[in-house]
Amino acid sequence: MKQLNYKFPGIFVREKRKGIYTINAIPGKRVYDERLFKEGKTEYRQWDPERSKLSAALTKGISQTGINEDSLILYLGSASGTTVSHISDICTKGFIFAIEFSPRVMRDFIFMCEKRKNIAPFLESANHPEDYSQVPQVDVLYQDIAQRDQVGIFMKNYDKFLKKGGFGLLAIKARSIDVTKKPKQIFKQVMDELNQKTTVVDYRVLDPYEKDHAFFVVKKK
Ligand SMILES: C[S@@+](CC[C@H](N)C(=O)[O-])C[C@H]1O[C@@H](n2cnc3c(N)ncnc32)[C@H](O)[C@@H]1O
């Protein structure tokens, strides 16, 4: 009996163990300490919701991601590439432009990019989109950076790079915006700010996987 069922393009759910999986683009290789699982000739990688906010949002039932097999993606805050690696498994005919400003984490990330052919790393700040203006218009903009002006940085990139009809996926860390306010208040503030500039189509609070974080899905009309 099949154990893995289709959820979204390139994303599968293993009902018995309640895990989320992608098809491993580099069979036999792990990126972090994720579990590998084989069904027939296909090898899957478990996508840990405690290590990736996108997996946490999927586990909490997010209704859409906008990511397809052939999507062009701009990813802000790649770190060493845990989440990027799963998106790379999904976009087998697409491409990911990944921005990270820390030279230390970029070093590890580059090793992964050498093995996977659909990722281009940029050592740049997401706050200066003019420094990576060679990136084309994209179908999906993803941001996961713990900065005070998370929404402002996201909107700058949204205006410059996201196609009409494209999706924006934004992970928000409440404590980076204002430690004195309750996360719930911050999430409401972010929701209002986003809705003034775009359309929020889904939203999830990420606990217990990520404390004081929320995940917003917006669509550019
Ligand atoms: C929470 S980690 C990202 C984890 C990663 N998205 C994942 O799920 O695998 C945030 C990363 O954003 C990077 N970052 C923070 N501010 C940034 C900026 N302005 N431009 C580029 N990267 C930034 C940090 O160096 C850090 O590696």
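Owing to the predicted nature of the structure, the values given are computational and were not obtained by experimental measurement. (Residues numbered from 1 in each chain as written. Predicted model: local features only at pLDDT ≥ 70, side-chain atom pairs only at ≥ 80, totals over all residues. Heavy atoms only, no water.)

1. What to know about the side chain of Glu43
Mapped onto the fold, Glu43 is located in strand S5 (residues 42–46). Despite its burial, Glu43 pairs with no opposite charge, the nearest such side chain being Lys38 at 5.5 Å. A polar contact is formed between the side chain of Glu43 and the side chain of Asn24, at a distance of 2.7 Å. Of the polar contacts made by the side chain of Glu43, one reaches the backbone nitrogen of Gly28; its length is 2.7 Å. Ignoring any residue separated from it by four or fewer positions in sequence, one finds Glu43 in contact with Thr22, Ile23, Asn24, Ile26, Pro27, Gly28, Lys29, Leu36, Phe37 and Lys38. (Helix = DSSP H or I, 4+ residues; strand = E, 2+ residues; numbered from the N terminus. Buried < 20%, exposed > 50% of the residue type's maximum accessible area, 1.4 Å probe, protein only. Lys, Arg positive; Asp, Glu negative; His and termini not counted. Salt bridge = Lys/Arg side-chain N within 4 Å of Asp/Glu carboxyl O. Polar contact = N/O pair within 3.5 Å; in protein donor to acceptor, adjacent residues only side chain to side chain. Contact = heavy atoms within 4.5 Å.)

2. Section: the site of the ligand
Close to the ligand lie 17 residues; Tyr75, Thr83, Glu100, Ala126 and Gln147 are nearest. A distance of 2.6 Å separates an oxygen atom of the ligand from a polar side-chain atom of Glu100. Residue Ala126 places a main-chain N or O atom 2.8 Å away from a nitrogen atom belonging to the ligand. Against a free-state accessible area of 610 Å², the protein chains account for coverage of 84% of the ligand. Here the shell around the ligand is composed, by residue class, of six nonpolar, seven polar and four charged. (Near = heavy atom within 4 Å. Areas by Shrake-Rupley, 256 points an atom, 1.4 Å probe, with all protein chains shown as cover. Nonpolar A, V, L, I, M, F, W, Y, C, P; charged D, E, K, R; others polar.)

3. Observations regarding the sheet that holds S5
Taken in spatial order, the five strands line up as S1-S2-S3-S5-S4 in an open sheet, and their pairing is antiparallel. The two strands at the open ends of the sheet, each matched to only one other strand, are strand S1 (4–8) and strand S4 (36–39). Each strand axis lies, on average, 40 degrees off the axis of its neighbour in the sheet, ignoring direction. In this sheet, S5 lies alongside strand S3 (residues 19–23) in antiparallel orientation, the contact comprising three bridges. The residue bridging Ile23 from the neighbouring strand is Tyr44, located in S5. (Pairing = 2+ DSSP bridges. Axes fitted to C-alpha atoms, helices over the stretch in contact; angles between N-to-C directions.)

4. Brief notes about the sheet that holds strand S8 (residues 119–123)
A sheet is described by the order of its strands in space; here seven strands give the open sequence S8-S7-S6-S9-S10-S12-S11, paired in mixed fashion. Strand pairing shows two members of the sheet lacking a second neighbour, S8 and strand S11 (199–205), which therefore form its edges. Between one strand axis and the next, the sheet turns by 15 degrees as a mean value, whatever way the strands run. One ladder, built from six bridges, connects S11 with strand S12 (residues 213–219); its direction is antiparallel. Across the sheet, Val200 pairs through a bridge with Val218, a residue of S12. Across the face of the sheet, helix H2 (residues 82–90) comes into contact with strand S6 (72–76), strand S7 (95–100), S8 and strand S9 (138–143) while running at roughly 175 degrees to S6.

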